[in-house]
Amino acid sequence: MFERIQVEADDSILGLIEKFRQDANPAKVDLGVGVYRDAQGNTPIMRAVKLAEEQLLRTEMTKTYTDSHGDAEFCRHVAQLILGADSTALAAGRVSTTQTPGGSAALRVAADLLAREFPEKTLWLPAPTWPNHHDIFAATGVRLASYPYLDAMDAPDFTAMAAELRRIPAGDAVLLHACCHNPSGYDLSAAQWQEVLEIIRERELLPLIDFAYQGLGDGLDADAYGVRLLASELGELLVTHSCCKNFGIYAERTGCLLALAADDDAKTRVRGRIAAIARSL
């Protein structure tokens, strides 16, 4: 039966990595994947990570199952990292956090949530965006559309972006990059985030914020500005967060899906649905 499977097209990023390996130029620099490397081309392990591993070896007493939301202590700390320890949403108990295998898995859980609960809605992606966004969401059957992020010269075009966001049908979902926009690196200013907030309110949109690079732009708190602004002013949002890059633990695949709900009843509903999706995946 396997002979019926079509040959998969080469991955452009993986192909670029292979070309880099084959290039004999000693001054080459690999910009293909968002991975930190030192001057020698190595991806070092942070001292804090090594200390944490040593502590686990000394103190870990069990490797039994966690529930479908993962390690509760991890979720509590990462929620504070994302929203800030003084978050009113956290204090009000409106936040559900679910541990996932990296940011990609968080995106997949969010995609399944949208596909199963809101099949009539469209998810709007920035153009351009991380190519895997399209594959992850398309795999679940989520309807996709795009809004402009860059102009024809690959420069930021917030005027066009805002105009298109204002035309999105009420109640649809919109994906936003929290910081370090992939692939351009261009981020929204504080004033632009404020305008995006106003548009989301006006159109009653559901924001899905991809937060893969916290701390690698302007700092842990500065990079969270847009997320924290929307969380403090809106009733609902989703955040997909990755620890792979800012902890330098790429191979560990660690992340979470954070859901903000308007009240405890809504949080219980969405948290239960996310747990069911995570378990099946």
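Scroll up to find the structure this text is about.
Nothing here was measured: the structure is a model prediction, and the numbers come from that model.

Q: Which residues make up the overall build of the protein chain, and what values go with them?
A: Per the secondary structure count, the protein chain includes 10 helices and 7 strands. In terms of overall size, the protein chain behaves like a compact globule, its C-alpha atoms giving a radius of gyration of 20 Å where 281 residues would be expected to give roughly 19 Å. Overall, the C-alpha framework of the protein chain stretches about 55 × 55 × 50 Å when taken along its three principal axes. The buried share among the 281 residues of the protein chain stands at 41%. The long-range fraction of contacts in the protein chain, counting pairs at least 24 apart against all pairs at least 6 apart in sequence, stands at 69%. The average position of the 27 basic charges and that of the 39 acidic charges among the side chains of the protein chain differ by 5 Å.

Q: Before we move on, could you go through the environment of Ile82 and cite the residues and values that matter?
A: Relative to the elements of secondary structure, Ile82 occurs in helix H3 (residues 72-83). By relative accessible area, which is 0% here, Ile82 ends up buried. Between the alpha carbons of Ile82 and Asp221 there is a distance of 8.3 Å; along the sequence they are 139 residues apart. Dropping the residues within four chain positions of it, Ile82 is found in contact with Phe211, Gln214, Ala224, Val227, Arg228, Val239, His241, Cys256 and Leu258.

Q: I'd like a rundown of the pairing of strand S6 (residues 237-242), residues and numbers included.
A: Judged by how many residues are buried, S6 sits mostly within the fold: 6 of 6 residues are covered. Looking at chain direction, strand S5 (residues 206-211) and S6 are connected through 4 bridges and run parallel. Considered in S6, the bridge of Phe211 is made with His241. Following the chain from S5 across helix H9 (residues 225-233) to the adjacent parallel S6, one finds a crossover that is right-handed.

Q: Before we move on, can you summarise the pattern of salt bridges with the specific residues and values?
A: Pairing is possible between side chains of opposite charge, provided their charged atoms come close. What the rule picks out here adds up to 12 salt bridges. Between Arg167 and Glu164 there is a salt bridge, with its nearest N and O atoms 3.0 Å apart. When its relative accessible area of 56% is taken as the criterion, Arg167 is described as exposed.

Q: Go over a nonpolar patch on the surface with me, naming the residues and quoting the values.
A: There is a patch of nonpolar side chains on the surface, built from Met1, Phe2 and Ile5 and spanning about 460 Å² of accessible area. Positionally, Phe2 belongs in the segment before helix H1 (12-22).

Q: Could you give an account of the environment of Trp193, naming the residues involved and the relevant values?
A: Positionally, Trp193 belongs in helix H8 (residues 190-203). Separated by 102 residues in sequence, Trp193 and Ala91 place their C-alpha atoms 23 Å apart. When sequence neighbours within four positions are dropped, the list of residues in contact with Trp193 reads Leu176, His177, Ala178, Leu188, Tyr225, Gly226, Leu229 and Leu230.

Q: Quick one: what's the story with a negative patch on the surface, residue by residue and with numbers?
A: A cluster of acidic residues, Glu8, Asp10, Asp11 and Asp135, forms a negative patch on the protein surface. As for its placement among the helices and strands, Asp10 is situated in the segment before H1. In this structure Asp10 comes out as exposed when scored by relative accessible area, which is 77%.

Q: Run through the environment of Gly185, naming residues and quoting values.
A: You can see Gly185 is positioned in the loop between strand S4 (173-177) and H8. The class of Gly185 is partly exposed, set by a relative accessible area of 43%. Distance in space between the C-alpha atoms of Gly185 and Asn246 is 16 Å, their sequence separation being 61 residues.

Q: Kindly report on helix H10 (residues 264-280), identifying the contributing residues and their values.
A: Between its first and last C-alpha, H10 extends 24 Å over 17 residues, near the 24 Å set by a 1.5 Å rise per residue. Among all positions in H10, only Lys267, Val270, Ile274, Ala275 and Ile277 are buried. Projected down its long axis, H10 shows its buried positions confined to an angular sector of 165 degrees, all on one face. Along H10, exposed side chains directed more than 90 degrees from the buried face belong to Arg269, Arg279 and Ser280. The backbone nitrogen of Asp265 has a side-chain oxygen 3.2 Å away, supplied by the residue at the start of H10, namely Asp263.

Q: Could you give an account of the side chain of Thr98, with specific residues and numbers?
A: Its location among the elements puts Thr98 in strand S1 (residues 95-100). Among the residues examined, Thr98 registers a relative accessible area of 1% and is labelled buried. At a separation of 2.7 Å, a polar atom in the side chain of Thr98 contacts the side chain of His69. Sequence-distant contacts of Thr98, that is, excluding residues within four places in its chain, are made with Ser68, His69, Cys75, Gly255, Cys256, Leu257 and Ile274.

Reading guide: rules and limits
- Residues numbered from 1 in each chain as written.
- Predicted model: local features only at pLDDT ≥ 70, side-chain atom pairs only at ≥ 80, totals over all residues.
- Heavy atoms only, no water.
- Helix = DSSP H or I, 4+ residues; strand = E, 2+ residues; numbered from the N terminus.
- Rg over C-alpha atoms; globule rule 2.2 N^0.38 Å.
- Buried < 20%, exposed > 50% of the residue type's maximum accessible area, 1.4 Å probe, protein only.
- Contact = heavy atoms within 4.5 Å.
- Lys, Arg positive; Asp, Glu negative; His and termini not counted.
- Charge placed at Lys NZ, Arg CZ, Asp CG, Glu CD.
- Pairing = 2+ DSSP bridges.
- Right-handed = clockwise from strand over helix to strand, strands pointing away.
- Salt bridge = Lys/Arg side-chain N within 4 Å of Asp/Glu carboxyl O.
- Patch = residues over 30% accessible without salt bridge, like charges linked within 9 Å, V, L, I, M, F, W, Y side chains within 5 Å.
- Areas by Shrake-Rupley, 256 points an atom, 1.4 Å probe, with all protein chains shown as cover.
- Expected span 1.5 Å × (residues − 1).
- Arc of directions from axis to C-beta.
- Polar contact = N/O pair within 3.5 Å; in protein donor to acceptor, adjacent residues only side chain to side chain.

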